[in-house]
Amino acid sequence: QVQLIESGGGLVQAGGSLRLSCAASGRTFSSLNMGWFRQAPGKEREFVASYRWRSGWTYYADYGDSVQGRFTISRDNAKNTVDLQMSSLKPEDTAVYYCAASTRALSPKSSAGEYDYWGQGTQVTVSS
């Protein structure tokens, strides 16, 4: 079993920045592919970013079109964490942000169904 705990959410003014962190436990972190999703009320869970294995045992970052150039995903295998640095935040970024983990390979801009484990989410609210 894998447990994921998100932190770092809060209220921020448009144009500001937040850094979310996800701590994983219960399994060797380096064996997991990680992703971030978000979900606003009445909307589907949306892909935000992922950090996954590619050929050559290298990590590769993918981003949703709506956050490309503004968000940066990173991971620290020594600390068993994956972070999401969010900059130039917009009101439309307001959502509950979820950390997710997969024991399998991920497709580019992966769907929620590809992940095996989910955190409880952390609220991000961007005021206009």
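Participant: Quick question: what am I supposed to make of the state of the cysteines here?
Facilitator: Disulfides are covalent bonds that link the sulfur atoms of two cysteine residues. Under the definition given, this model contains one disulfide. Shown here is the disulfide that connects Cys-22 with Cys-99, its sulfur atoms set 2.0 Å apart. One quick way to see it: the torsion about the S-S bond of Cys-22 and Cys-99 is about -75°, and its sign makes the bridge left-handed. Taken together, the residues span a long stretch of sequence, with Cys-22 in strand β3 (residues 18-25) and Cys-99 in strand β9 (residues 95-102) at a distance of 77 residues. With a relative accessible area of 0%, Cys-22 lands in the buried category.

Participant: It is not clear to me how the sheet that holds strand β1 (residues 3-7) should be interpreted in this structure. Could you clarify?
Facilitator: Strand pairing in a sheet is mediated by backbone hydrogen bonds. Such pairs are either parallel or antiparallel. In space, the four strands of this open sheet follow the order β1-β3-β8-β7, with antiparallel pairing throughout. Looking along the sheet, the strands with just one partner apiece sit at the ends: β1 and β7 (71-76). Across the sheet, the mean angle from the axis of one strand to that of its neighbour is 15°, orientation sign disregarded. Bridge analysis of β3 against strand β8 (residues 81-86) gives six bridges, and the strand direction is antiparallel.

Conventions and cut-offs
Residues numbered from 1 in each chain as written. Predicted model: local features only at pLDDT ≥ 70, side-chain atom pairs only at ≥ 80, totals over all residues. Heavy atoms only, no water. Disulfide = S-S within 2.5 Å. Helix = DSSP H or I, 4+ residues; strand = E, 2+ residues; numbered from the N terminus. Buried < 20%, exposed > 50% of the residue type's maximum accessible area, 1.4 Å probe, protein only. Pairing = 2+ DSSP bridges. Axes fitted to C-alpha atoms, helices over the stretch in contact; angles between N-to-C directions.

As far as function goes, none of this settles anything; it's purely spatial.
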